[in-house]
Amino acid sequence: MILNLEIKKLKRTGYFPAFLGGSLLAATFPLVNMLVRPESFTSLPGDPFRILTDANWQMMAMLNVLTAICGACMMYNIEHANNGSQKMDVLPVRTGSLFLGKFVIAALTMAMMNVVETITLMGCSLHWFPSYKADPAGLLCTALFQWAVALPTVMLMLVIASACKNMWVSLGIGVILVFTLSIFPQDHTVLSLCPFSSPYQTLAMAAENGRVPLFLGVCTAETAAFGFIELLYNKIRRYTE
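Calculation notes
- Residues numbered from 1 in each chain as written.
- Predicted model: local features only at pLDDT ≥ 70, side-chain atom pairs only at ≥ 80, totals over all residues.
- Heavy atoms only, no water.
- Axes fitted to C-alpha atoms, helices over the stretch in contact; angles between N-to-C directions.
- Helix = DSSP H or I, 4+ residues; strand = E, 2+ residues; numbered from the N terminus.
- Left-handed = near helix turned anticlockwise from the far one by under 90°.
- Contact = heavy atoms within 4.5 Å.
- Nonpolar A, V, L, I, M, F, W, Y, C, P; charged D, E, K, R; others polar.
- Expected span 1.5 Å × (residues − 1).
- Bend = angle between axes of the 7 residues up to and from the residue.
- Buried < 20%, exposed > 50% of the residue type's maximum accessible area, 1.4 Å probe, protein only.
- Parallel < 35°, antiparallel > 145°, perpendicular 65-115°, else oblique.
- Polar contact = N/O pair within 3.5 Å; in protein donor to acceptor, adjacent residues only side chain to side chain.

Participant: For this particular structure, what's the right way to read the packing of helix 7 (residues 136–163) against helix 8 (residues 167–182)?
Facilitator: Two quantities define a packed helix pair, namely the angle between the axes and the distance from one axis to the other. The geometry of helix 7 relative to helix 8 is characterised by a closest axis approach of 9 Å and an angle of 150° between their N-to-C directions. In terms of crossing hand, the pair formed by helix 7 and helix 8 is right-handed. On helix 8, the residues touching Met157, Ile160 and Ala161 of helix 7 are Ser170, Ile173, Gly174 and Leu177. Class assignment for the residues of the contact of helix 7 with helix 8 results in five nonpolar, two polar and no charged.

Pasting the structure below:
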């Protein structure tokens, strides 16, 4: 019921077209890169999928995060417009359930983006590296890892958007966080675990440093913590407004 309600509300916005466009844009980046300068990558030794991922993922991850920011702002813009969030408080629906519904939709759309991008990287590897043989299990693990490390960013951005009645304020905060954390060194363990920074990590990089369990555990804890903070904020908001 909650998911159906949220989907009906989002149909009035450009949420789903925005995620589709962001997904296609991010997936197009490695394809264009290979069309323009294939020799720069085909001459490199090693696993073709990792070569293409290392070369393109930073830009692809940034597009994913920017899309998630825009999506969160769209979700809560319709809630804050005409005091919609206050009107929802009088309905027999828990605000925590509404937030959870938004998070589920945002997480699923992010998963869709990761799957499309992984398939694109695999397709480029198959086309430009004739000796490459796709590993379905490895590709699935890659997509799941990229999705898991992006969840804290998705959750935190929803919390920020829910707290800011002006969509441009939440959008500005998200963009500032993106570019602030993107300039920090990604090989620093603590900084790489922060939201808006963890999506830049790849499975190959984490496995090479033995940090896959660390990333999965910390990102899961961060996602749960931000969700708990949102529940507390909703209770405080209802008593103060």
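Participant: Help me understand helix 7, please; the structure alone is not making it clear to me.
Facilitator: One full turn of an α-helix is made of 3.6 residues, so residues set three or four places apart face in the same direction. Between the first and last C-alpha of helix 7 there are 41 Å, a value that for 28 residues agrees with the 40 Å anticipated at 1.5 Å per step. Along its length, helix 7 reaches its greatest deviation from straightness, about 35°, at Ala150, and the proline Pro152 lies no more than four positions downstream. Judged by how many residues are buried, helix 7 sits mostly within the fold: 20 of 28 residues are covered.

Participant: Please explain the packing of helix 4 (residues 48–80) against helix 8 as it appears in this structure.
Facilitator: It is the contact of helix 4 with helix 8, at a shortest axis distance of 9 Å, that shows an interaxial angle of 160°. Classified by the angle between their axes, helix 4 and helix 8 sit roughly antiparallel to one another. For the element pair helix 4 and helix 8, the recorded crossing hand is right-handed. Packed against helix 4, whose contacting residues are Met62, Val65, Leu66, Ile69, Cys70, Cys73 and Asn77, the element helix 8 presents Met167, Ser170, Leu171, Gly174, Val175, Val178, Phe179 and Ser182 at the interface. Considering only residue class, the contact of helix 4 with helix 8 consists of 11 nonpolar, four polar and no charged.

Participant: Mind showing me how you'd approach the side chain of Thr153 here?
Facilitator: The topology assignment puts Thr153 in helix 7. A distance of 2.8 Å separates the side chain of Thr153 from the backbone nitrogen of Phe196, its partner in a polar contact. Apart from the residues within four sequence positions on either side, Thr153 is in contact with Val65, Pro195, Phe196, Ser198 and Pro199.

Participant: Can you walk me through the environment of Tyr15 in this structure?
Facilitator: With respect to the helices, strands and loops of the structure, Tyr15 is situated in helix 2 (residues 15–36). Judged by relative accessible area, which is 1%, Tyr15 ranks as buried. Each C-alpha atom, one on Tyr15 and one on Ala68, is 9.8 Å from the other, the two residues being 53 residues apart in sequence. For Tyr15, the residues in contact, after removing those within four places along its chain, are Leu10, Gly71, Met74, Met75, Ile105, Ala106 and Thr109.

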